[in-house]
Amino acid sequence: MPIIEQSEYNFPSIIHRNRHVSTIYAALFKKFEVPGYTREKHELNDGDFINIDFVVNDSKKAVILCHGLEGDSRRTYNNSCATYFQQKGFSVFAWNNRTCGGEMNRLPRLYHHGAVDDLDEVVQFVFKKGFEDVYLIGYSMGGVQLLNYLGWTKIDERIKAAVSISVPTHIATSAQVLKQGFNRVYLKNFTIDIKRKLKYKAAQFPDFINRDQIDKITSFDEVDQYFTAPLHGFASRDDYYERVSPEFSLKDISTPVLIINSLDDPFLGERCYPRTIARDSAYVYLETPKYGGHCAFPLRNSTYSYAEKRAFDFFESCKSA
């Protein structure tokens, strides 16, 4: 029954009991040096590309890091996780979704929560470099991509385990929560960033993307309804939300995966805590610390977070199981 009833995470201070303080500090104020990555532009089968940052050693074990919405390979949470796993003897591969990482892609397509084909390209990239034990870690949207990949795809036995952190397993519920109270600040920032990219895309493909419609966007709902859904083959925003929500693919997962979702995460609604599925699954583990915010989980007297330390411990437990 893989529900972690008692999380070992202890909040570092009274101030970090506030979900927004934890979240904003981790996103804006915490700094962590970028690892000494090599970057490779990886050509995709559809004529597009993604950029993959990596640092390798002589071991045969590697971890793949999947970033969140409007993030990139060099976000602070990725940097600290990458460095932590390097110190544990892992090679690290941190990939950038299309349009992310400082370079616009070639095609009209952007990225979305169900882009498991691109994640599979990264996995195959790692396999071709000879790694035999591969682990996956995803943050927020990257966690959704990771869970969908495990649920939708025939998984190679070289994928040993995965950890999904601060992950909206039910997208529609998360979208509703982000419209409430102070959470609207996060949503507004996402909307501004996405609109900037859409305008760039409209200049690239004026006959394909309606610039006037972009100027009329006032909410993230409109981003998903008029752009994310039709650009990626979904009938509507609601169709998109349902089809890419891991809630509906978790039952098909047969690779050990740990979901770490704090109960105070401002991005998550009640359906983002899949207790029933975890209780009935032999592979899906759910840990719900009382505190931690969104992609935060700060630790006292440490530059690392609980998330990467817990991920490593989970991977070690899967090896010994």
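Rules and cut-offs
For every chain, the first residue of the written sequence is number 1, and numbering continues from 1 onward in sequence order. Local features in a predicted model are, by the rule used here, given only for residues with pLDDT of at least 70; side-chain atom pairs are given and counted only at 80 or more, and totals for whole chains, interfaces and linings are based on all residues. In computing side-chain values, all of the structure's heavy atoms are included and hydrogens and water are not. Each cavity reported here is a set of points on a 1 Å grid over the protein atoms alone in which a 1.4 Å probe fits but cannot get out, each pocket an open set with protein on both sides within 12 Å along at least five of seven lines, and each lining residue one with an atom within 4 Å of a point. Grid points are joined across faces, edges and corners, and a volume is the space filled by probe spheres set on the points. In this description a helix means any DSSP run of H or I spanning at least four residues, a strand means any run of E spanning at least two, and both kinds are numbered starting from the N terminus. Polar here means any residue other than Ala, Val, Leu, Ile, Met, Phe, Trp, Tyr, Cys and Pro, which are nonpolar, and Asp, Glu, Lys and Arg, which are charged; Gly is therefore polar. Strands are labelled as partners when DSSP assigns at least two bridges between them. Salt bridges are defined by distance alone: a side-chain nitrogen of Lys or Arg within 4 Å of a carboxyl oxygen of Asp or Glu. We call a residue buried when its accessible area falls under 20% of the maximum for its residue type, exposed when it is over 50%, and partly exposed in between, using a 1.4 Å probe and counting protein chains only. A contact between two residues is defined here by any heavy atoms of the two lying within 4.5 Å. UniProt positions are given in the numbering used here, feature names are shortened, and annotations may be inferred rather than shown by experiment. Simply put, an axis is a line fit to the C-alpha atoms, just over the touching stretch for a helix, and the angle between two N-to-C directions goes from 0 to 180 degrees. Any angle from 65 to 115 degrees is called roughly perpendicular, while one under 35 is roughly parallel, one over 145 is roughly antiparallel, and all others are oblique.

Trainee: When you look at empty space enclosed by the protein in this model, what are you seeing that I'm missing?
Mentor: One simple way to see leftover space: roll a probe sized like a water molecule over the atoms. Evaluation of the coordinates by the stated rule reveals 1 cavity of 30 Å³ or more. Of the pockets and cavities examined, the largest cavity occupies roughly 420 Å³. Of all the elements in the fold, those that place two or more residues in the lining of the largest cavity are α5 (171-177), α6 (183-204), α8 (220-231) and α9 (237-244). With 7 residues, α8 is the largest single contributor of residues to the lining of the largest cavity. The residue makeup of the lining of the largest cavity, split by class, is 19 nonpolar, 7 polar and 3 charged.

Trainee: Help me understand the pairing of strand β2 (residues 38-43) in this model?
Mentor: Side chains on a regular strand alternate between the two faces of the sheet. Across 6 bridges, β2 lies against strand β3 (residues 49-55) in antiparallel orientation. The residue of β3 that forms the bridge with E43 is F49. In this antiparallel pair of consecutive strands, β2 and β3, the connection spans 5 residues, and G47 shows a positive phi of 95°.

Trainee: Hey, could you run me through the sheet that holds β2 in this one?
Mentor: Sheet strands pair by backbone hydrogen bonding; their relative direction is either parallel or antiparallel. A sheet is described by the order of its strands in space; here 9 strands give the open sequence β1-β9-β8-β7-β6-β4-β5-β3-β2, paired in mixed fashion. Looking along the sheet, the strands with just one partner apiece sit at the ends: β1 (3-4) and β2. Pairing analysis gives 6 bridges linking strand β6 (residues 133-139) to strand β7 (residues 159-165), with the strands arranged parallel. Counted as the bridge partner of L136 is A162 from β7.

Trainee: Looking at this model, I keep getting lost on the pattern of salt bridges. Mind explaining?
Mentor: Pairing is possible between side chains of opposite charge, provided their charged atoms come close. As enumerated under the stated definition, the model contains 22 salt bridges in all. In this structure, R98 and D46 form a salt bridge, with 2.9 Å as the shortest nitrogen-oxygen distance. One end of the pair, R98, is in the loop between β5 (91-95) and α3 (116-128); the other, D46, is in the loop between β2 and β3, with 52 residues separating them in the sequence. The class of R98 is buried, set by a relative accessible area of 2%. Here D46 falls in the partly exposed class, since its relative accessible area comes to 38%. The shortest N-O distance in the salt bridge between R271 and E247 comes to 2.5 Å. One end of the pair, R271, is in the loop between β8 (257-260) and α10 (275-280); the other, E247, is in the loop between α9 and β8, with 24 residues separating them in the sequence. Within this structure, D46, D48, R98, R109, D117 and D118 form a network of salt bridges that share partners.

Trainee: Help me understand the environment of Y285, please; the structure alone is not making it clear to me.
Mentor: With respect to the secondary-structure elements, Y285 resides in strand β9 (residues 284-287). Judged by its relative accessible area of 28%, Y285 is partly exposed. When the C-alpha positions of Y285 and P256 are compared, they lie 7.5 Å apart, and in sequence the two are 29 residues distant. Residues in contact with Y285, not counting those within four places in the same chain, are P2, I4, V257, L258, I259 and F314.

Trainee: Would you explain the UniProt feature "domain: AB hydrolase-1" (unreviewed entry) in the protein in this entry?
Mentor: UniProt's feature table lists "domain: AB hydrolase-1" (unreviewed entry) at residues 62-297, given in the numbering used throughout. In this annotation, residues 62-297 is assigned 41% helix and 14% strand; the end-to-end C-alpha distance for the span is 23 Å.

Trainee: What is the right way to look at the packing of α8 against α9 in this model?
Mentor: Each pair of packed helices can be described by the angle between their axes along with the distance between the axes. In contact at an axis separation of 8 Å, α8 and α9 are set at 85° when each is read in the N-to-C sense. Taken together, the axes of α8 and α9 are roughly perpendicular relative to one another. Contacts between α8 and α9 pair D221, D224, Q225, T228 and A229 from the former with R237, Y240 and Y241 from the latter. Classifying every residue of the contact of α8 with α9 by side-chain character gives 3 nonpolar, 2 polar and 3 charged.

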